[in-house]
Amino acid sequence: MSPNKNGNNRWKLNRPLLIFSVLVIYIFASFIWWSYLLISNNKHTLEQSITLLELQYEARGIATSDPLFQEAKTNLESRYRTQVTMILGEGAVFLVLLGVAVFQIWRSYRTELQLARQQRNFLLSITHELKSPLASIKLALETLVRRELPHDKQQKILQNSLSDTNRLQGLVEDILLAARFEDHSFRFARDQIMLSELVEEIADKVAHSHNHHEVHTDIDQNIYVTGDRQALTSLVANLLENAAKYSPPNTAIEVSLHPVQDRLCLEIADQGYGIPEEERANIFKKFYRIGNEDTRETKGTGLGLFLVKEVADKHDATIKILDNTPRGTRFKVAFPKPAPLS
Ligand code: ADP
């Protein structure tokens, strides 16, 4: 995008905020001006009333030092003070209410802007995520149609296309799952899922598709949780895919699943770039991606960890991010043990 176009877009985005700010400043300034005018008018009226009172008393031959005159004057002054207190009091309430309203409008505006920016980023990244595997599958099919290749080369091309297709399928399933979370009336299945088998299968797939990483598993057998198979698949797959995506080649990924007291603990640890402490609260937000040097170049939509957190919440599981040793990240998900079958 050219700097000129960029500037134009920024101006278009900021124009409503600028108009709004000018209006707010105008309302505040005119309100303060009218209050000032009202108070000074009242003061003027008081001064005139006192002069009139003096004339009336002088005409009746009563001196201004007379207690009768003083009492009438005090009454006028105290009425003036009540009026000033009323103007200031009501003015303060009005200003506070106006301030609250302006703050709320400004906050909604910021949220809208952030959402629009996130959606735009999401659309860009999703287009890229869909386009590149589709392009390589198309290229692979064209090569197979046009040329007679040796069996092992054909197998390699087909394997690559299969892993691209799996990536596409995972992405589409994640988008559908995110849409299900938006639909609050949707109820997730509560089946008995053999988590140990599910984790083993996904770890196997990730080990195949990321063969520059070693995936070590330490999984207790016959571990069940109550929940939704597709949602749990997304949770495990996203954590494992991230462990591979955000760590350099030839590093190990460790996956373990054990009962610990009354919980079932799934841990996925990598030797990667790690997640800075200050980003840990943000990374579960929808479409959020950390913009640091190490991870900026990686592909992604910022949807993965949002789904991980939502799925964990729906399964009453807690999720923790810890530092791995000597480096990297350790995600710890603790599921409740399923209730014994009656
Ligand atoms: P995506 O991977 O599509 O960008 P996610 O929601 O899965 O989105 O992750 C959000 C961000 O959290 C990523 O952009 C990345 O910067 C960071 N992140 C996630 N997992 C890891 C990890 N294991 N190690 C380092 N950074 C990670």
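Scope of this entry: the structure provided in the associated data block. (Residues numbered from 1 in each chain as written. Predicted model: local features only at pLDDT ≥ 70, side-chain atom pairs only at ≥ 80, totals over all residues. Heavy atoms only, no water.)

## Concerning the site of the ligand
The following threshold applies: Think of it this way: one heavy atom of a residue within 4 Å of a molecule or strand is enough to make that residue near it. Whenever two N or O atoms come within 3.5 Å, that pair is a polar contact, provided that in protein one can donate a hydrogen and the other can accept it, and provided that, for residues adjacent in sequence, both atoms are side-chain atoms. Areas reported here follow the Shrake-Rupley algorithm with a probe of radius 1.4 Å; residue values treat only the protein chains shown as occluding. Helix and strand assignments come from DSSP, with helices taken as H or I runs of at least 4 residues and strands as E runs of at least 2, each series counted from the N terminus. Each residue gets one of three labels, nonpolar for Ala, Val, Leu, Ile, Met, Phe, Trp, Tyr, Cys and Pro, charged for Asp, Glu, Lys and Arg, and polar for the others, Gly among them.
The environment of the ligand is made up of 19 residues, and the closest members are Asn242, Tyr246, Arg289, Thr301 and Leu305. Between Asn242 and the ligand, the recorded distance is 2.8 Å, taken from a side-chain N or O atom to an oxygen atom. The contact in question runs from a nitrogen atom of the ligand to an N or O atom on the side chain of Asp270, over 2.9 Å. Considered on its own, the ligand offers 540 Å² of accessible surface; in the complex 98% of this is hidden by protein. Elements with a contribution of two residues or more to the shell around the ligand: α5 (229-245), α6 (304-314) and β7 (329-336). Grouping the constituent residues of the shell around the ligand by class yields eight nonpolar, eight polar and three charged.

## A short note on the environment of Gln48
The line we're drawing: Any residue under 20% of the maximum accessible area for its type is buried, any over 50% is exposed, and the rest in between are partly exposed; the area is computed with a 1.4 Å probe on protein chains only.
Mapped onto the elements of the fold, Gln48 is located in helix α1 (residues 3-59). Judged by relative accessible area, Gln48 falls into the partly exposed class, the value being 47%.

## Comments concerning the pattern of salt bridges
Going by this rule: Only one rule defines a salt bridge in this text: a Lys or Arg side-chain nitrogen within 4 Å of an Asp or Glu carboxyl oxygen.
Using the criterion set out here, one finds nine salt bridges in the structure. As a salt-bridge pair, Asp323 and Arg280 come within 2.6 Å of each other at their nearest N and O atoms. Highlighted residues: Asp323 in strand β6 (residues 318-323) and Arg280 in the loop between β5 (263-269) and α6, separated in sequence by 43 residues. Judged by relative accessible area, Arg280 falls into the buried class, the value being 12%. Several salt bridges share partner residues, and in doing so they unite Glu267, Arg330 and Lys332 into one network.

## A closer look at the sheet that holds β6
The line we're drawing: By the convention used here, strands pair only if DSSP detects at least 2 bridges between them. Under this scheme, a helix contributes an axis fitted over its contacting stretch, all axes are lines through C-alpha atoms, and angles between N-to-C directions fall in the 0 to 180 degree range. In this analysis, two residues are considered to be in contact whenever any of their non-hydrogen atoms come within 4.5 Å of each other.
Pairing is mixed across the open sheet formed by five strands, whose spatial order is β2-β4-β5-β7-β6. Whereas interior strands pair on both sides, the edge strands pair on one side only; in this sheet they are β2 (214-219) and β6. Along the sheet, successive strands turn relative to each other by an average axial angle of 15 degrees, direction set aside. Note: β6 against β7, six bridges, orientation antiparallel. Note on β7: the bridge partner recorded for Asp323 is Thr329. Across the sheet, helix α4 (residues 195-209) touches β2, β4 (252-260), β5 and β7, and the angle it forms with β2 is around 170 degrees.

## Some thoughts on α6
Considered for burial, the residues of α6 that qualify are Gly304, Leu305, Phe306, Leu307, Val308, Val311 and Ala312. At its buried positions, α6 is contacted by α3 (151-182), α5, β6 and β7. Positioned one or two residues after α6, Asp316 has a phi angle of 55 degrees, which is positive.

## Observations regarding the packing of α4 against α5
To describe two helices that pack against each other, one gives the angle between their axes and the distance between the axes. Counted only if it meets this: Note: crossing handedness is left-handed where the near helix turns anticlockwise from the far helix by less than a right angle, and right-handed where it turns clockwise.
At a minimum axis separation of 10 Å, α4 and α5 run at an interaxial angle of 35 degrees. Relative to α5, the crossing made by α4 is right-handed. Of α5, the residues touching α4 (which contributes Leu198, Val199, Ile202, Ala203, Val206 and Ser209) are Arg229, Leu232, Thr233, Val236, Ala237, Leu240, Glu241 and Ala244. Tallied by class, the residues present in the contact of α4 with α5 amount to ten nonpolar, two polar and two charged.

## Considering the packing of aromatic side chains
Working definition: an aromatic ring pair is given by the centre-to-centre distance plus the angle between the planes. Defined as follows: Classification of ring pairs rests on two measures: the distance between centres of Phe, Tyr or Trp rings, Trp counted by its six-membered ring, which must be within 6.5 Å, and the angle between planes, read as stacked under 30 degrees, edge-to-face over 60 and tilted in between. Here, a charge over a ring is recorded when the distance from Lys NZ or Arg CZ to the ring centre is within 6 Å and its angle to the ring normal is within 35 degrees.
Following the criterion strictly, the structure yields seven aromatic pairs and no others. When the centroid spacing of 6.3 Å and the interplanar angle of 35 degrees are considered together, the rings of Phe103 and Trp106 count as tilted. Of this pair, Phe103 and Trp106 both sit in helix α2 (residues 67-146), separated by three residues, roughly a single helical turn. Taking the relative accessible area as the measure of exposure, Phe103 reaches 41% and is therefore partly exposed. Grouped by ring-pair contacts, the aromatic residues Phe181, Phe186 and Phe188 constitute a single cluster. Stacked on the ring of Tyr57, the Lys or Arg Arg60 has its end atom at 5.0 Å from the ring centre.

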